[in-house]
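# Tertiary structure, described
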Amino acid sequence: MQRSVRLKSFELVARDINDVDVELLHALSISVRWPHRPKDWNLLRRAGQGIVAVDGIGRVFGSAMWFPHGDDFATIGVVITTPRTQAQGGGRWLMDLVLEQCGDRNLALNATHAAYPLYVSLGFTTEATVYMRQGEVPPILPTVPSLDGQLQALSSDRLKEITALDTRAFGTNRERLLTLLAADASICTLSRGSEIVGYSMCREFGRGHVIGPMVARNDLDAVHLTAVHLNGLAGRFARVDTREKDGVFAAFLQQCGLGIAETVTTMSKGRRFLNREDNGPWVYGLAGHALS
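These numbers come from a predicted model, not from an experiment.

The helix and strand inventory of the chain stands at nine helices and 14 strands. The C-alpha radius of gyration of the chain comes to 19 Å, within 12% of the 19 Å expected for a compact globule of 292 residues. By principal-axis analysis of the C-alpha atoms, the chain measures approximately 65 × 40 × 35 Å. Relative to all contacts within the chain whose residues are 6 or more apart in sequence, the contacts with residues 24 or more apart total 71%. Looking at the chain as shown, the accessible area adds up to about 12600 Å², and 48% of this sits on carbon and sulfur atoms. Taking the average place of the 31 positive charges on the side chains of the chain and the average place of its 30 negative ones, the gap between the two points comes to 5 Å.

Written out as structure tokens, the structure is:
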């Protein structure tokens, strides 16, 4: 695949995302009104691999990343192109480079409305809608139903206690990513008897905090795994990315001031990504738009 592309009056060259100053990446996300801070970019770079498009004087005009989970699956994210390059095919060029790096892995991503036609043309198929819910947390949360089980904090050195549960819900082992996220996150588990049936993480991201990843067996469990974090965020900005449109959990988020700010579309290429089991664990809160 060609490592440079000419777009009308200027040429862009592909560079490894780790070779670019993080402040330039931050400027790129600001230019398209994405909330990523330099700290968020650095986490993404530790979690995955990526390419940026730079011009002759080092300005960044686009990015695309991929996050391997084992040898046969990866998620794609942080695909950003400035309006100038998007209209001239810069996004497709970056995606072609990333797909080449991913090889024959099965893939999943969350597509913005603007990028959706590109992913369709590249052979991705639609699976679900993600509702990006966010807002300022009220001082008093709505009343939640009685808890069936026990909530407990989990230290980051005990992640193996939730790895099997997360793998069953997500569809592949992502222990490495969970380890990176846990370093700066508070973690809560929900147990019934001696079995952990759900967990949630809460960490700083963008304008405030994101609750996710979160795995639960049902809406009520997800409510409790969310409320335990929201209780400490009164008056602050919080975000939950979820594929739940209706039901008790979605209603609870709405009552907590987390309205739908945007939607994106979960898409896959290769094997189907989302496979929900009856009464089985399910990813109620995404790790992030880019990470799934």
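Two quantities define a packed helix pair, namely the angle between the axes and the distance from one axis to the other. Taken N-terminus to C-terminus, the directions of helix α2 (residues 38-47) and helix α7 (residues 175-182) make an angle of 155°; their axes are 10 Å apart at the nearest point. Comparing the axis directions of α2 and α7 gives the class roughly antiparallel. Crossing angle aside, the handedness with which α2 passes α7 is right-handed. Taken together, the residues of α7 that come into contact with α2 (itself represented by L43, R46 and A47) are R176, L177, L180 and L181.

It is possible for side chains bearing opposite charge to pair when their charged atoms get close. Following the criterion strictly, the structure yields 13 salt bridges and no others. Salt-bridge contacts for E204 lead to R37; the nearest nitrogen and oxygen are separated by 3.6 Å. With E204 in strand β10 (residues 195-205) and R37 in the loop between α1 (22-31) and α2, this pair connects stretches of sequence that are 167 residues apart. One salt bridge connects E195 with R217, and the closest N-O pair in it is separated by 3.3 Å. Of this pair, E195 sits in strand β10 while R217 is found in the loop between β11 (208-216) and α8 (219-230), placing the two residues 22 residues apart along the sequence. A network of salt bridges, in which partner residues are shared, links R37, D40 and E204.

Basis of the calculations
- Residues numbered from 1 in each chain as written.
- Predicted model: local features only at pLDDT ≥ 70, side-chain atom pairs only at ≥ 80, totals over all residues.
- Heavy atoms only, no water.
- Helix = DSSP H or I, 4+ residues; strand = E, 2+ residues; numbered from the N terminus.
- Rg over C-alpha atoms; globule rule 2.2 N^0.38 Å.
- Contact = heavy atoms within 4.5 Å.
- Areas by Shrake-Rupley, 256 points an atom, 1.4 Å probe, with all protein chains shown as cover.
- Lys, Arg positive; Asp, Glu negative; His and termini not counted.
- Charge placed at Lys NZ, Arg CZ, Asp CG, Glu CD.
- Axes fitted to C-alpha atoms, helices over the stretch in contact; angles between N-to-C directions.
- Parallel < 35°, antiparallel > 145°, perpendicular 65-115°, else oblique.
- Left-handed = near helix turned anticlockwise from the far one by under 90°.
- Salt bridge = Lys/Arg side-chain N within 4 Å of Asp/Glu carboxyl O.

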